[in-house]
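Listed here are the chains, written in short residue letters.
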Amino acid sequence: MARLSSQHLLDLLDLSPEETWSLAEQALRLKRGEARDSLEGRFLSLLFFNPSVRTRVSCEAAAARLGAAATAITAGTETWNFEVGEGAVMDGETQEHVRELAPVLSRYSDWIGVRRSERISVGLAQKETPSWETLRGDGFLRTFAKHSEVPVLNLESNFAHPLQGLADLASLHEQFGGSPRGKRYVLSWAWHPKALPMATPHSQLVAACDAGCDVVLARPEGWSLDGEVLTRASERAASRGGSLSETSDLEEALDGAQIVCAKSWGATSFYGKPPAEEASAKRELRSRWIIDEQAMQRTQDARFMHCLPVRRNVVVTDGVLDSRRSLVIDQAENRMWTAAAALCALLEE
Ligand code: CP
């Protein structure tokens, strides 16, 4: 596996489609026992501002399987509160600046993972979030990476969740024998009681485009994804022999689909507004935007994908999630193998 063109892994869009595909292939070689990379003596630090099961354990397990050690800390409860603002006068709730935090953790670690999504950070879930224009820059993560002396992995930010995207890419590779090119892949918005971040669907969309699928983004009017992601994902799909289109007609999208990936996210237009406004605007979408058996009947015996955690019988019915079509457990397992591949690639000379 060659060294990545980027020093950090903050967004799949920072890598070429060929690099993301190589990472997925390397992950599957590790999974099959065909590659025996060693990270003996290395140390991984993980910093979480938001809850996690898969990201935390898959990264720790990936490190351990290759001989490295890892630690995970939860910001604000197990640690100090961290400041990121340039020139901040720190007489409030924050005790340590990222300008010290990042280089200090770098002296202990060979990589540092950071999960910080303002949408689900402690205290912000029930309040107005800043505008999308503010959040899409991932200020904390990017400032942390600037001051880090070692590679930084984005464990989910406002904008991207590259490790989820890589796991989805590996899962597509695995399911279709290495050739998902031209398969009809539907990324479907789903109703959810909360307004979730766009990081995961962004990286899932890019991954499906990098796989060369014919990707259909199905979402209600007003719930599209970030414009830059759509433009760049479309270019990447074309370069891999695939395509990207958008529709607000879920039934039309599902016709002939070979992969259905469900995900919920909040609309950019409601960032900066009270959460109740978005909840009210999407109320009537609840019954239509769910993946159930009827929806799956329209497909070409499609596989079902979801990043987990998933709300049963809200995003997807039990009947679909528990069926042979569901890939969600394999997808979650692939988080570990793709994390392992990424850790190795970030240290390549
Ligand atoms: N898919 C995912 O990132 O899961 P966690 O939030 O549990 O880490």
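The structure contained in this document is the topic of the report that follows. Bear in mind the structure is a predicted one, so any value in this text is a computation, not a measurement.

1. Some details on the pattern of salt bridges
- A full pass over the atoms with the stated rule returns 23 salt bridges.
- The partner of Glu251 in a salt bridge is Arg298, with the nearest N and O atoms 3.6 Å apart. Residue Glu251 is located in helix α9 (residues 250-254), and its partner Arg298 is located in the loop between α11 (293-297) and β11 (303-305); the two are separated by 47 residues in the primary sequence.
- The partly exposed category is assigned to Arg298, whose relative accessible area is 34%.
- Connected via shared salt-bridge partners are Arg136, Asp226, Glu228 and Arg232.

2. Side note on unusual backbone geometry
- Look at the link from Leu308 to Pro309: it is a cis peptide, with omega at 0 degrees.
- Mapping Pro309 onto the fold places it in the loop between β11 and α12 (318-321).
- Phi is positive for Glu156, close to 130 degrees, though the residue is something other than glycine.
- Among the secondary structure elements, Glu156 is positioned in the loop between β6 (152-154) and α6 (162-175).
- You will see that Leu308, though not glycine, has its phi angle at about 65 degrees, which is positive.
- You can see Leu308 is positioned in the loop between β11 and α12.

3. Here's the deal with the side chain of Ser148
- One can find Ser148 in the loop between α5 (139-147) and β6.
- Looking at Ser148, its side chain comes within polar contact range of the main-chain oxygen of Val150, at 2.7 Å.
- When neighbours within four sequence positions are excluded, Ser148 is seen to be in contact with Ala102, Ser106 and Ile112.

4. Re the site of the ligand
- The immediate surroundings of the ligand are formed by Ser52, Val53, Arg54, Thr55, Arg115, His161, Gln164, Cys307, Leu308 and Arg335.
- In the model, an oxygen atom of the ligand is placed 2.7 Å from a nitrogen or oxygen of the Val53 main chain.
- The contact in question runs from a nitrogen atom of the ligand to an N or O atom on the backbone of Cys307, over 3.1 Å.
- Isolated, the ligand exposes 260 Å² of accessible area, and the fraction of that covered by the protein chains is 93%.
- Of the residues in the shell around the ligand, the class split is 3 nonpolar, 4 polar and 3 charged.

Here is what the cut-offs are and how they apply
- Residues numbered from 1 in each chain as written.
- Predicted model: local features only at pLDDT ≥ 70, side-chain atom pairs only at ≥ 80, totals over all residues.
- Heavy atoms only, no water.
- Salt bridge = Lys/Arg side-chain N within 4 Å of Asp/Glu carboxyl O.
- Helix = DSSP H or I, 4+ residues; strand = E, 2+ residues; numbered from the N terminus.
- Buried < 20%, exposed > 50% of the residue type's maximum accessible area, 1.4 Å probe, protein only.
- Polar contact = N/O pair within 3.5 Å; in protein donor to acceptor, adjacent residues only side chain to side chain.
- Contact = heavy atoms within 4.5 Å.
- Near = heavy atom within 4 Å.
- Areas by Shrake-Rupley, 256 points an atom, 1.4 Å probe, with all protein chains shown as cover.
- Nonpolar A, V, L, I, M, F, W, Y, C, P; charged D, E, K, R; others polar.

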